[in-house]
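The primary structure of each chain is shown beneath.
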Amino acid sequence: MTVYFIGAGPGDPELITVKGQRLVRSCPVILYAGSLVPLAVLDGHRAEQVIDTSTLHLEQIVDHLREAHARGWDVARVHSGDPSLYGAIGEQIVALRNAGIPYEIVPGVTATSACAAVLGVELTLPDVAQSVILTRHAQRTAMPNGEQLAELARHRATLSIHLGVAHLASIIETLLPHYGADCPIAVVHRATWPDQGWVMGTLADIQAQVDAKGFRRTALILVGRVLATDAFGRSSLYRAGHAHLYRTASSDDA
């Protein structure tokens with residue numbers, strides 16, 4: 001018996017991995033976050049029990065996992081996005097370890113990747129940004145020392161900010177000294193869902209666009225020069241004059 005923490009992806013049911021889909025369709029028990037995971041992700045399942053955990057607290061969820069373990073039934077524990085990022089699986093894992101229940105994590109498509117796809121951009125461009133910082137706005141859970149947004153902004157890397165759209169004005173104020181008013185920023189609402197929407201602008205004008213759209217929650221903020229530039233270096237990987245294990249160098253570097 002194994003509990004599988006499965007990343008369902010950001011919303012589009014076709015973005016779950018092949019392995020994740022196979023487990024959802026074969027496990028006798030499914031626990032899924034109904035407030036974040038569309039029911040279509042469960043299509044084709046043959047489970048004996050399907051439980052929406054959106055109204056359950058941690059102890060109730062763990063009780064279901066223990067019951068499945070006692071029956072010898074595998075569990076598909078389905079989370080949105082990638083369960084290792086803001087998935088609240090850490091506390092479930094501790095409970096499983098303490099109970100001696102085996103588990104496995106099945107990765108999923110992250111919200112950051114989905115938003116980049118929606119916008120049609122690469123988040124790491126040579127000579128522009130080679131680092132992506134995934135973070136969140138401090139709310140009920142405080143940020144550890146050194147992880148405040150002002151500290152992270154000093155790197156001027158591409159930023160992916162979760163749970164922050166309702167505090168966009170404060171975020172902009174924090175970022176302005178480091179990125180500049182002309183820095184591109186995008187806010188993507190419910191990426192890959194049927195009602196997805198987004199706005200792209202600069203730190204100087206994005207607030208008005210977000211207000212006009214009415215985005216208040218379930219949105220990701222992306223910040224960085226990579227969002228709106230064609231001025232970047234060519235990658236070594238595909239440069240004709242660059243040799244690597246699978247390709248010899250060509251004299252044509254056009």
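Owing to the predicted nature of the structure, the values given are computational and were not obtained by experimental measurement. (Residues numbered from 1 in each chain as written. Predicted model: local features only at pLDDT ≥ 70, side-chain atom pairs only at ≥ 80, totals over all residues. Heavy atoms only, no water.)

Peer 1: Let's hear about the packing of helix 6 (residues 168-179) against helix 7 (residues 206-213): which residues, and what values?
Peer 2: The description of two helices packed together rests on the angle between their axes and the distance between the axes. Where helix 6 meets helix 7, the axes come as close as 10 Å, and the angle between the chain directions of the two elements is 165°. Classified by the interaxial angle, the pair formed by helix 6 and helix 7 is roughly antiparallel. Where helix 6 crosses over helix 7, the two elements pack in a sense that is right-handed. Of helix 7, the residues touching helix 6 (which contributes Leu168, Ala169 and Ile172) are Ile206, Gln207 and Val210. The class makeup of the residues in the contact of helix 6 with helix 7 is five nonpolar, one polar and no charged. (Axes fitted to C-alpha atoms, helices over the stretch in contact; angles between N-to-C directions. Helix = DSSP H or I, 4+ residues; strand = E, 2+ residues; numbered from the N terminus. Parallel < 35°, antiparallel > 145°, perpendicular 65-115°, else oblique. Left-handed = near helix turned anticlockwise from the far one by under 90°. Contact = heavy atoms within 4.5 Å. Nonpolar A, V, L, I, M, F, W, Y, C, P; charged D, E, K, R; others polar.)

Peer 1: Lay out helix 1 (residues 18-26) with the relevant residues and their values.
Peer 2: Along helix 1, the positions that sit buried rather than exposed are Gly20, Leu23 and Val24. Buried residues of helix 1, viewed axially, fall in a sector of 100°; they line one side. Looking at the buried residues of helix 1, the elements they touch are strand 1 (3-7), strand 2 (29-32), strand 4 (75-79) and strand 5 (103-106). (Buried < 20%, exposed > 50% of the residue type's maximum accessible area, 1.4 Å probe, protein only. Arc of directions from axis to C-beta.)

Peer 1: Give me the lowdown on the pattern of salt bridges, citing residues and values where you can.
Peer 2: A side chain with one charge may pair with a side chain of the opposite charge, provided their charged atoms come close. According to the stated counting rule, one finds six salt bridges in the structure shown. With a shortest N-O distance of 3.3 Å, Glu67 and Arg71 are connected by a salt bridge. Highlighted residues: Glu67 and Arg71, both in helix 2 (residues 58-71), separated by four residues, approximately one helical turn. Residue Glu67 is classed as partly exposed on the basis of its relative accessible area of 32%. (Salt bridge = Lys/Arg side-chain N within 4 Å of Asp/Glu carboxyl O.)

Peer 1: I'd love a proper account of the UniProt feature "domain: Tetrapyrrole methylase" (unreviewed entry) in the protein, names of residues and values included.
Peer 2: With numbering matched to this structure, UniProt assigns "domain: Tetrapyrrole methylase" (unreviewed entry) to residues 2-206. Summarising residues 2-206: 29% helix, 21% strand, and an end-to-end C-alpha distance of 46 Å. (UniProt positions renumbered as here; feature names shortened; annotations may be inferred.)

Peer 1: Talk me through the sheet that holds strand 2; I want residue IDs and the actual numbers.
Peer 2: Taking strand neighbours across the sheet as the criterion, the five strands line up as 3-2-4-1-5 in an open arrangement whose pairing is parallel. A strand with exactly one partner marks an edge of an open sheet, and here the two such strands are strand 3 (49-52) and strand 5. On average, each strand axis in the sheet is inclined to that of its neighbour by 15°, with strand direction left out of account. Taken together, the five bridges between strand 1 and strand 4 define a ladder with parallel strand orientation. Each bridged residue has a counterpart across the sheet, and for Val3 the counterpart in strand 4 is Val75. Helix 2 rests against strand 1, strand 2, strand 3 and strand 4 of the sheet, and its axis sits at about 165° to strand 2. (Pairing = 2+ DSSP bridges.)

Peer 1: With reference to specific residues and values, describe the sheet that holds strand 8 (residues 184-189).
Peer 2: Pairing between sheet strands relies on hydrogen bonds along the backbone, with the strands arranged either parallel or antiparallel. Read from one edge of the open sheet, five strands run 6-7-10-8-9, paired in mixed fashion. Unpaired on one side and paired on the other, strand 6 (132-136) and strand 9 (197-202) mark the two borders of the sheet. The average angle at which neighbouring strand axes cross in this sheet is 15°, direction not considered. As paired elements, strand 8 and strand 9 share six bridges and run antiparallel to each other. If you follow Ala186 over to strand 9, its bridge partner there is Met200. Here helix 4 (residues 111-119) sits on the sheet in contact with strand 6, strand 7 (158-162), strand 8, strand 9 and strand 10 (219-223), set at roughly 70° to strand 10. Running over the sheet, helix 7 touches strand 8 and strand 9 and is turned about 160° from strand 9.

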